[in-house]
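Residue-level structure breakdown
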Amino acid sequence: MASNLLDRHYLTPLFEPESVAIIGASTRPGAIGAVLIDNMLAAQFRGSLYAVNPKQTSIKGVPCFPGIDKVPQRVDLAVIATPPETVPRLIAQCGLAGVRSVVVITAGFSEVGPEGARLDRELLENARRHRVRVIGPNCLGVMRPGIGLNATFARGNALPGSLGLVSQSGALCTAMLDWATPNKIGFSSVVSLGGSRDIDFGEIIDYLVNDPKTEHILLYIEGVRDARRFLSSLRAAARLKPVILMKVGRHPVGSRAAVSHTGAMVGADDVFDAAIRRAGAVRVTTIGQLVAAAQALSAHVRPRGNRLAIITNGGGPGVMAADRAADLGIPLADLSQQTIQSLQSALPSNWSHGNPMDLIGDADAARYSAGIAACLGDDNVDGALVMLTPQAMTEPTAVAEAVVEAARGRTKPVLACWMGDASVIEGRRRLAEAGIPVFRTPEPAVEVFAHVSSFYRNQRGLLQTPGPQSLRSAPDIEAAKMIIETVLTERRSVLNELESKALLSAFRLPVAKTVIVRSAHEAMLVAEEIGYPVALKIDSPDITHKTDAGGVLLNLGNGQAVLAGYQQIIDSVTRKQPQARISGVTIQPMVVRRNGRELMVGVIRDPVFGPAIAFGAGGVAVEVHKDRAVALPPLNSYLVDEMIRSTRVSKLLGAFRRMPPVKMEALEEVLLRVSELVCELPWIEELDINPLIVNEDGAIVADARVVVGQHAPVRGRYGHMAIHPYPARLVSIWQPPEGELVTIRPIRPEDAEMEQDFVRRLSPESRRFRFMDTLRELTPAMLVRFTQIDYDREMAFVATIQRDGREVEVGVCRYITNPDGVTCEYAIVVADDWQRRGLGRRMMGQLIEVARRRGLEAMVGHVMNGNLGMLELCQQLGFVVSDTSDDPSVKRVTLALKSG
């Protein structure tokens, strides 16, 4: 029952400044400092505007001062456009003057060489020392059209609207702005990140997701610095608002050396795609698709499904649209019999009687109206694409007006494609004016529908918050760590087959028994012991493709064959790869499984997003087939199922050519165990299980290869992962002296409905003490913020009891780390009938302990003076109570988390 936590975002001075200073303002025509002043004046900024230039007292009527410290008012936002060598000093001056947000337009930092890199470091050091947040350097600037903020050197101003555009490319911003204005597309915000030395995508998205002016978010990405923050904010945004992004650099010129099949097959772009899918956002691949998506989102195209109806007056264009839909996995809606029957009287007898709905070449406006009305009224249809080709009897403008009228008031989206040029220009204009996205060819229209509809399909994946370990038998993590430590102590990185399989066995993966031998005679003795037939394989840290080197012999049925086979492998490998180090030869029973399918499961460590898991077809041709799905851990059953179904080999896992279906539970178990392994072992660089043989009886690892490496220490047990697993280890059960059992656990996304119900049940006084407001229920944005959290930088515990077989919330507490990274702000509220029963103290104790273990130094809260129970609890817990400077009705409470 404390705190105005999260009420005001710390980036508010950047997005909603009441005062702006242009440092480096100029009177010289064409200078960036002059363009910045011109743009701010033309945009009619609603706050106070100042110029900073020691040589001027006024620039175009804007008061000018020799330094930021001489401005008579505290400045919210400073924009720097001065030579690069002056910028670090100016950042320090801004901090001393109380400026908290700075946009650095200036270029000439790390991108130009060592001297620029030195300036970069000084800039960042001064910003952190003086608690200044920086956009840039080398950026276009920031726009907030709704308040007249145009702190950019772009040509002209943007229209106010609902699109938030965040880009690492200033050129892309100017191109989008140039396209948007004549097309009447408006923006809530335009942010050019430039070098992203301080503020990156994650923090900007965090702000936009809670910004009521922003309904849709567009991102142009060249690279991501903080993967954890990026994905955390992207997941929160995508739960509430459509997020469409474009990332360049899909095909890097060079690729790193890899010593596993997975490393050779899975690239950085595969991992980025997996991250975006997990976050619930939608990726486009061309600037045309990004522009089209912006147009569709501005027109509020929000299909709740992906079943598309195509209405056309030409069979050929209809087939073109249907083909593109099939390419993208967009199903054509099955028109109901009622819909088809209703059209019999409105359409000629030779219409197509299906989807695409071919209205025939002489279709007039009335025919189109009937077709659109029928489709939009069909429960099997989620959206419609209306197409027109200009035939002799066609009236493109009249049909366009009919489409506008038929779509008015409908919740299902309508897109249009008016093919041709001269005769359809006016029709296109009418459609665009009515807010209906209109295209020249079918394919882009279908692509836009696919992109926007996929956003809504992705929502289910956002609710997945797997823990690091399954509920099955616990792995032997310490044994696995000992294997890795031994390898690293010996200054090796590649585990031999025996070590690799021992590592997998520690995580309860089913492996084929394997023994390493170093002579032909030893091989024969082991074969006699384990039983024939056997398989022999070379054991070398330098050989990935053992078969190509002649290092594999299968199905050896007697001692003589094993004696000869051992020597054959040694001779072949020595001849084909003379530089390879040979540790010996492994021998194992032949894994011959009737009806077995050969699969591959692998892991790579991406430099940005950390470990990624791959699954697909296995065997010797794995790199040729390139059939793989990639996902970020941690995984659960839902994510594993999605992963398997997205591969081509999944079609072979069911009943196939007299073979029974494989035991899917065994395959799922393997993938979940691999997910556990990469969560708990941050040293894993690459891992191959190939082949994994699966049939109706189960799964077994026939061969495995693991590569490990030393990594710089990361904060927390799961600091090596882009998505923090659900912290199941923090779940506890509490029994109050008089009362029922209470479960105290970290919050989950699926708790949103329970959280809303809890707030509604609070008394008006409890709600006022918690939110310092009289709100009756949480907004959708607040629900997302409160239930979809990054367990690394924040924590929230809910206390629940069982009522009629369901969980009921009786308390919630949380903290979120402040931008300084060392302090946090907390909040807590307990149900009225559970107050003064010890629950608040119990929850706060657990929250404080987590914050302390995370290395935070202080916990801060704000408590209303009338909230005597909370103030008493704070004092009992060791908080120091003090007055706040800006509100006499509120106390500030502070707890030191570090002793001394």
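Note that the coordinates shown come from a computational prediction; the quantities given were computed from them, not determined experimentally.

Here we look at the packing of aromatic side chains
Applying the stated criterion across every chain yields a total of six aromatic pairs. Relative to Tyr791, the ring of Tyr726 has its centre 5.7 Å away and its plane inclined at 85°; by these criteria the two rings are edge-to-face. One end of the pair, Tyr726, is in the loop between strand E30 (704–708) and strand E31 (732–734); the other, Tyr791, is in the loop between helix H27 (780–787) and strand E33 (794–803), and 65 residues separate them in sequence. Taking relative accessible area as the criterion, Tyr726 reaches 7% and is therefore assigned buried. The exposure class assigned to Tyr791 is buried, which follows from its relative accessible area of 3%. Across the ring face of Phe272, the terminal group of Lys247 is positioned such that the distance to the ring centre comes to 5.3 Å.

Observations concerning the packing of helix H23 (residues 637–645) against helix H24 (residues 664–680)
Direction vectors running N to C along H23 and H24 enclose 110°, while the axes themselves pass 10 Å from each other. On the basis of the axis angle, H23 is roughly perpendicular to H24. Packed against H23, whose contacting residues are Ser637, Val640 and Ile644, the element H24 presents Met664, Leu667, Glu668, Leu671 and Leu672 at the interface. A per-class count over the contact of H23 with H24 returns six nonpolar, one polar and one charged.

As for the pairing of strand E15 (residues 308–312)
Burial runs high along E15: five of the five residues are buried. Of the two faces of E15, both are covered, the one formed by Leu308, Ile310 and Thr312 as well as the one formed by Ala309 and Ile311. For E15 and strand E17 (residues 383–388), the ladder comprises four bridges, and the chain directions are parallel. Across the sheet, residue Ile310 finds its bridge partner in E17, namely Leu385.

Brief notes about the packing of helix H28 (residues 839–853) against helix H29 (residues 868–877)
Running from N to C, H28 and H29 point in directions that differ by 50°, and their axes come no closer than 11 Å. By the angle class used here, H28 and H29 are oblique. Seen from above, H28 lies across H29 with right-handed handedness. Contacts between H28 and H29 involve Gly840, Arg841, Met844 and Ile848 from the first element and Leu873, Gln876 and Leu877 from the second. For the contact of H28 with H29, the class distribution of residues is four nonpolar, two polar and one charged.

So, the sheet that holds strand E16 (residues 357–358)
Sheets are built from strands paired through backbone hydrogen bonds, the pairs being either parallel or antiparallel. Pairing in this open sheet of five strands is parallel, and the strands run E16-E15-E17-E18-E19 from one edge to the other. A strand with exactly one partner marks an edge of an open sheet, and here the two such strands are E16 and strand E19 (438–439). The sheet contacts of helix H11 (residues 315–327) involve E15, E16 and E17, and relative to E15 the element is tilted by about 160°.

Cut-offs and rules
- Residues numbered from 1 in each chain as written.
- Predicted model: local features only at pLDDT ≥ 70, side-chain atom pairs only at ≥ 80, totals over all residues.
- Heavy atoms only, no water.
- Phe/Tyr/Trp six-rings, centres within 6.5 Å; stacked < 30°, edge-to-face > 60°.
- Helix = DSSP H or I, 4+ residues; strand = E, 2+ residues; numbered from the N terminus.
- Buried < 20%, exposed > 50% of the residue type's maximum accessible area, 1.4 Å probe, protein only.
- Lys NZ or Arg CZ within 6 Å of the ring centre and 35° of its normal.
- Axes fitted to C-alpha atoms, helices over the stretch in contact; angles between N-to-C directions.
- Parallel < 35°, antiparallel > 145°, perpendicular 65-115°, else oblique.
- Contact = heavy atoms within 4.5 Å.
- Nonpolar A, V, L, I, M, F, W, Y, C, P; charged D, E, K, R; others polar.
- Pairing = 2+ DSSP bridges.
- Left-handed = near helix turned anticlockwise from the far one by under 90°.

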